[in-house]
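Breakdown of the fold
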Amino acid sequence: SYGYIRITGFEKSTAEQFKRELSAFENNKKIKGVVIDIRDNLGGIMEQSIEIADALLPECTIVHTEDSKGKKEYYNSDESCTKLKYVLLINENSASASEILAAAVKDNEGGKLVGMTTYGKGIIQNSMMFSDSTSLKLTTMQYLSPKNHKIHGIGIKPDYKVKQPKNEKEDMQLKKAISLLS
């Protein structure tokens, strides 16, 4: 009765794959809702998480970036979005691009977040490689939630805090997510 999509990283084709799976669930009349699992997702390409948020949310702000001079750039969704009910699973290892998705869903009340507070990596960094094989990571800007909440060092709090005990075989967070879709 429920769809399940796990996103382990936001790579070059993640949004395309996600939308294909979401569409299959939308076309299946037996599916009542979808669990989107971004637990232990350390992030990746920001644009991929924005594209996924756009598929989930109606017209709204998804995220905005701010550079050291205070210049802001806004990323918005269009009015088309899924009609399926959905829940996001998050944990303390959901970071960066995962947090863009989680913050967009939370601030725009698209679905509920279940799990633990996310990692709190709300900055954008560029790497520069040098000829001697060393590299330098330069923080160029930060991103903020649609409602202007700082993410870096804070993370995104779930709507339903559910700790997963280490030796528990049953996935308590998934169980809670399914109960919210029922």
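Scroll up to find the structure this text is about.
Below or above, wherever it landed, is the structure these notes cover.

Cut-offs and rules
Residues numbered from 1 in each chain as written. Predicted model: local features only at pLDDT ≥ 70, side-chain atom pairs only at ≥ 80, totals over all residues. Heavy atoms only, no water. Helix = DSSP H or I, 4+ residues; strand = E, 2+ residues; numbered from the N terminus. Buried < 20%, exposed > 50% of the residue type's maximum accessible area, 1.4 Å probe, protein only. Polar contact = N/O pair within 3.5 Å; in protein donor to acceptor, adjacent residues only side chain to side chain. Contact = heavy atoms within 4.5 Å. Patch = residues over 30% accessible without salt bridge, like charges linked within 9 Å, V, L, I, M, F, W, Y side chains within 5 Å. Areas by Shrake-Rupley, 256 points an atom, 1.4 Å probe, with all protein chains shown as cover. Salt bridge = Lys/Arg side-chain N within 4 Å of Asp/Glu carboxyl O. Lys, Arg positive; Asp, Glu negative; His and termini not counted. Charge placed at Lys NZ, Arg CZ, Asp CG, Glu CD. Pairing = 2+ DSSP bridges. Right-handed = clockwise from strand over helix to strand, strands pointing away. Core = buried A, V, L, I, M, F, W, Y, C linked by side-chain atoms within 4.5 Å.

Our next topic: unusual backbone geometry. We note that Glu109 has phi near 50 degrees; this positive angle belongs to a residue other than glycine. Its place among the elements puts Glu109 in the loop between helix H3 (97-107) and strand S6 (112-115). Positive phi outside glycine occurs at Asn148, with the angle close to 70 degrees. Tracing the chain through its elements places Asn148 in the loop between strand S8 (135-144) and strand S9 (160-161). Judged by its relative accessible area of 42%, Asn148 falls in the partly exposed class.

This part covers helix H2 (residues 46-56). Judged by how many residues are buried, H2 sits mostly within the fold: eight of 11 residues are covered. Looking only at H2, the buried set comprises Met46, Gln48, Ser49, Ile50, Ile52, Ala53, Ala55 and Leu56.

With respect to the helices and strands, Asp37 occurs in strand S2 (residues 33-37). On the accessibility criterion, Asp37 (1% relative accessible area) is buried. Of the polar contacts made by the side chain of Asp37, one reaches the side chain of Tyr4; its length is 2.5 Å. Reaching out from Asp37, the side chain makes a polar contact with the side chain of Arg39 at a distance of 2.8 Å. Excluding residues that lie within four positions of it along the chain, Asp37 makes contacts with Tyr4, Ile5, Arg6, Ile7 and Leu89.

Okay, a positive patch on the surface next. Taken together, the side chains of Lys157, Lys161, Lys163 and Lys166 define a basic patch exposed on the protein surface. Overall, Lys157 belongs to the exposed group, its relative accessible area being 54%.

Attention now moves to the pairing of strand S5 (residues 85-90). With five of six residues buried, S5 lies mostly within the body of the structure. By the bridge criterion, five bridges tie S2 to S5 in an arrangement that is parallel. From the neighbouring strand, Ile36 faces S5, where its bridge partner is Leu88. The pairing of S5 with S6 spans four bridges and is parallel. Of the residues in S6, the one forming a bridge with Ile90 is Gly115. In this view, the connection linking S5 to its parallel neighbour S6 by way of H3 has right-handed handedness.

Moving on to the nonpolar core. Judged by nonpolar contacts, the single largest core of 38 residues is most densely connected at Phe18, Ile36, Ile38, Leu56, Leu88 and Leu101. Of all the secondary structure elements, the ones that give two or more residues to this core are helix H1 (14-26), S2, H2, strand S3 (60-67), S5 and H3. Sorting elements by how many residues they give to this core places H3 first, with seven residues. Residues contacting Leu88, with those up to four places away along its chain left out, are Ile36, Ile38, Leu101, Ala102, Val105, Lys112, Leu113 and Val114.

In this section: the sheet that holds S2. Ordered in space as S1-S2-S5-S6-S9, the five strands form an open sheet in which the pairing is parallel. Each edge of the open sheet carries a strand with a single partner, namely strand S1 (2-6) and S9. The sheet contact formed by S6 and S9 spans two bridges and is parallel. From the neighbouring strand, Val114 faces S9, where its bridge partner is Tyr160.

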